[in-house]
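Notes for the structure review
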Amino acid sequence: MANSEAHKRTLRSNKLGLVCLCGTLALTAAVQRADPMSKIAREYVRLVLAMGQHDKDYVDAYYGPDDIKREAESAKLALDAIGAGVKSLRAQVAAVPPAADELGRLRHQYLEKQLAAMSARVRMLGGERLTFDQESRALYDAVAPAYPDSHFQAVLDRLDKRFPGGGSLVERYDAWRRAFLIPREKLDTVFTAAVGACRERTGRHVKLPAGEHFTVEYVTNKSWSGYNWYQGNFRSLIQVNTDLPIYIDRAIDLACHEGYPGHHVYNALLEQHLVKDRGWLEFTVYPLFSPQSLIAEGTANFGIEVAFPGAERIAYERDTLFPLAGLDASRAAEYYEVMAMVDQLSYAGNEAARRYLNGQIDAAAATAWLERYALMPRDRAAQRVRFFDQYRSYVINYNYGKDLVRTFIESRGGTPDRPDRRWQEFETLLSSPRLPSGLR
Ligand SMILES: [Zn+2]
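Let me sum up the structure you'll find in this document. (Residues numbered from 1 in each chain as written. Predicted model: local features only at pLDDT ≥ 70, side-chain atom pairs only at ≥ 80, totals over all residues. Heavy atoms only, no water.)

Per the secondary structure count, the protein includes 20 helices and five strands. Relative to the 2.2 N^0.38 estimate, which gives 22 Å for 440 residues, the radius of gyration of the protein is 22 Å and therefore close to what a compact globule would have. Taking the principal axes of its C-alpha atoms as reference, the protein extends roughly 70 × 50 × 40 Å. Taking the intrachain contacts of the protein between residues at least 6 apart in sequence as the baseline, contacts between residues at least 24 apart amount to 75%. Accessible surface for the protein amounts to roughly 18100 Å². Of this, 52% is attributable to carbon and sulfur atoms. Computed over 57 positive and 55 negative side-chain charges, the inter-centroid distance for the protein is 3 Å. (Helix = DSSP H or I, 4+ residues; strand = E, 2+ residues; numbered from the N terminus. Rg over C-alpha atoms; globule rule 2.2 N^0.38 Å. Contact = heavy atoms within 4.5 Å. Areas by Shrake-Rupley, 256 points an atom, 1.4 Å probe, with all protein chains shown as cover. Lys, Arg positive; Asp, Glu negative; His and termini not counted. Charge placed at Lys NZ, Arg CZ, Asp CG, Glu CD.)

Shown next, in the form of structure tokens:
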């Protein structure tokens, strides 16, 4: 994700974003002086930025004051010094009495968990080895359920009946799926339409900050399929990776996940409610290997279902996206019927990552496992193993994160039969510093 082009853009835009932010922070300076948490927040930001000097993927976004960034860059703190700083900051957070209001308590818990994760990441960069589950608990405040091979085999058996014939199942599935490819020359038209539909649906339920906006770029040679680089001042750069064929379902998936109501909206609402309204500086930085990522990925994936519940999605795609992509619209329902079956293999990716990162299998075996159990064609499986190398147990944030978010929203009354309540609870979650253990 840390391609230099993207970083240059992010930094340039951060400077633009600052002009507005500094004014906001100056206005809230008096409030901050009376709050011991503001000193802690500033030091937290400085330490996260210091980590970025050792780990190019660590700082996913920063749009806070430029002087903290300059300070972190010139200090060039060694890992040990960062570790000591985190330890001291954790003691300071523990000494602050709990806030009277819920949001204040969430803020306190958020800093505790984010700092605990930073401490683990410092130890990992220093050479400490954790198992997959130990790592995900330490970094993301969650351990994903494990499934035996038989769980996936039962799904594969059903798919085998759906796609009878010779050759491997992944080959038969891949051959069928080719009819649903978005031609490269139509990608931007289809994706732009999907973004518009996601924004319109989100805007009906969520008050989006004035002036929010993102730009889209098509890139290659990445281990991920899409990325949102949040730049502050309600702006994002969204990159779509075109290394591999893009099927029709990815248009809505990516538009919702990266844009509306996913990452772009999550970051913009945090900026609006926590940074601009309250002056909580710690939210101007987003450390990637931290519990915040489970909330970010979980809400981005669950948001697809919130914006486009099953039948509505099929109808929209049949009437709009399939024709724009030049695909046979009469097959939209068939496509999503199969996609729902394949989605039941989602946790197979976690199993491959768990075994691979625990050293039980090598990269070739992990690729073969993904082909067989996650039904990924070879090139996609190989791309996924590169993702494991770069982001490790981060993989659980997508599927387990989505499941935790769904359980949380539905436990608060946001069930599919109550769409308004579903959106309301979803927006509340996107606007607050809630963390994975707080979803259970
Ligand atoms: Zn994401």
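That was the structure; now back to the text.
The next point concerns unusual backbone geometry. Omega for the peptide link from Y260 to P261 comes to 5°, which places this bond in the cis form. Tracing the chain through its elements places P261 in the loop between α11 (249–259) and α12 (263–276). We note that F234 has phi near 65°; this positive angle belongs to a residue other than glycine. Assignment of secondary structure puts F234 in the loop between β3 (226–232) and β4 (235–241).

Structurally, R158 is set in helix α8 (residues 149–162). Considered as a pair, R158 and A311 are 153 residues apart in the sequence and their alpha carbons are 22 Å apart. Not counting residues within four places of it along the chain, the set of residues in contact with R158 comprises M341 and Q344.

Moving on, we come to the coordination of the zinc ion. In the first shell of the zinc ion, the protein supplies H257 (NE2), H263 (NE2) and E297 (OE), at 2.0 to 2.1 Å from the metal. If you list the donors of the zinc ion from N- to C-terminus, the spacing comes out as H-x5-H-x33-E. The class for H257 is buried, based on a relative accessible area of 8%. A residue is classified by how much of its surface remains accessible, and H263, at 9% relative accessible area, is buried. (Donors = N, O, S within 2.8 Å, 3.2 Å for Na, K, Ca; no water. Buried < 20%, exposed > 50% of the residue type's maximum accessible area, 1.4 Å probe, protein only.)

Moving on to the state of the cysteines. Working definition: the covalent bond between the sulfur atoms of two cysteines is a disulfide. Per the stated rule, a full pass over the model turns up zero disulfides. Free of any disulfide, C198 has its nearest cysteine sulfur in C256, 3.1 Å distant. Given a relative accessible area of 0%, C198 falls into the buried group. (Disulfide = S-S within 2.5 Å.)

A few words now on the packing of helix α19 (residues 396–411) against helix α20 (residues 419–430). Two elements in contact, α19 and α20, have axes separated by 9 Å at closest approach and are oriented at 120°. When the axes of α19 and α20 are compared, the pair comes out oblique. In this structure, the crossing between α19 and α20 has a hand that is right-handed. Note on element contacts: α20 touches α19 through R422, E425, F426 and L429, opposite V405, F408, I409 and E410. Partitioned by chemical class, the residues of the contact of α19 with α20 number five nonpolar, no polar and three charged. (Axes fitted to C-alpha atoms, helices over the stretch in contact; angles between N-to-C directions. Parallel < 35°, antiparallel > 145°, perpendicular 65-115°, else oblique. Left-handed = near helix turned anticlockwise from the far one by under 90°. Nonpolar A, V, L, I, M, F, W, Y, C, P; charged D, E, K, R; others polar.)

A separate point is the nonpolar core. Counting 145 residues, the largest nonpolar core has Y44, L159 and I248 as its most contacted members. No other element matches helix α3 (residues 36–52), which puts 10 residues into this core. The contacts of L159, once residues within four sequence positions are left out, are L169, V338, M341, V342, L345 and L375. (Core = buried A, V, L, I, M, F, W, Y, C linked by side-chain atoms within 4.5 Å.)

Next up on the list: the pairing of β4. Of all seven residues in β4, six are buried; the element is thus mostly enclosed. Relative to β4, strand β2 (residues 213–219) runs parallel, the two being bridged by seven bridges. In the strand pairing of β4, H213 is matched with R235. Of the pairings in the sheet, the one linking β3 to β4 comprises six bridges and is antiparallel in character. (Pairing = 2+ DSSP bridges.)

The subject of this paragraph is helix α4 (residues 66–75). For α4, the complete set of buried residues consists of I68, K69 and A72. For α4, the buried positions fall inside an angular range of 100° around the axis, keeping them on one side. What points out from α4, more than 90 degrees from its buried face, is the exposed set R70 and S74. Two residues or fewer past α4, K76 is found with a positive phi of approximately 45°. (Arc of directions from axis to C-beta.)

This brings us to the sheet that holds β4. Judged by pairing direction, the sheet is mixed, and its three strands sit side by side in the order β2-β4-β3 without closing on themselves. Among the strands making up the open sheet, the edge pair consists of β2 and β3. Averaged over all pairs of adjacent strands, the angle between their axes in this sheet comes to 20°, without regard to strand direction. Contacts from α11 reach β2, β3 and β4 within the one sheet, and its direction differs from that of β3 by about 30°. Lying over the sheet, α12 contacts β2, β3 and β4, oriented at roughly 20° with respect to β3.

Turning to the pattern of salt bridges, a few remarks are in order. Under the counting rule described, the total for this entry stands at 37 salt bridges. Among the salt bridges present, the one from E43 reaches R46, with a minimum N-O distance of 2.9 Å. Of the two residues, E43 and R46 both sit in helix α3, three residues apart, roughly one turn of that helix. Its relative accessible area of 19% is what places R46 among the buried residues. Here E425 and R412 are joined by a salt bridge, their closest N and O atoms 2.8 Å apart. With E425 in helix α20 and R412 in the loop between α19 and α20, the pair connects residues that are 13 residues apart, well separated along the chain. (Salt bridge = Lys/Arg side-chain N within 4 Å of Asp/Glu carboxyl O.)

Our next topic: helix α15 (residues 332–343). Over its 12 residues, α15 extends 16 Å from the first C-alpha to the last, a length consistent with the 16 Å expected when each residue adds 1.5 Å. Those residues of α15 that sit buried are A332, Y335, Y336, V338, M339, M341 and V342. Where α15 is buried, its residues contact α8, α9 (169–177), α11 and α14 (310–325). (Expected span 1.5 Å × (residues − 1).)

Purely geometric stuff here, so don't read any function into it on its own.
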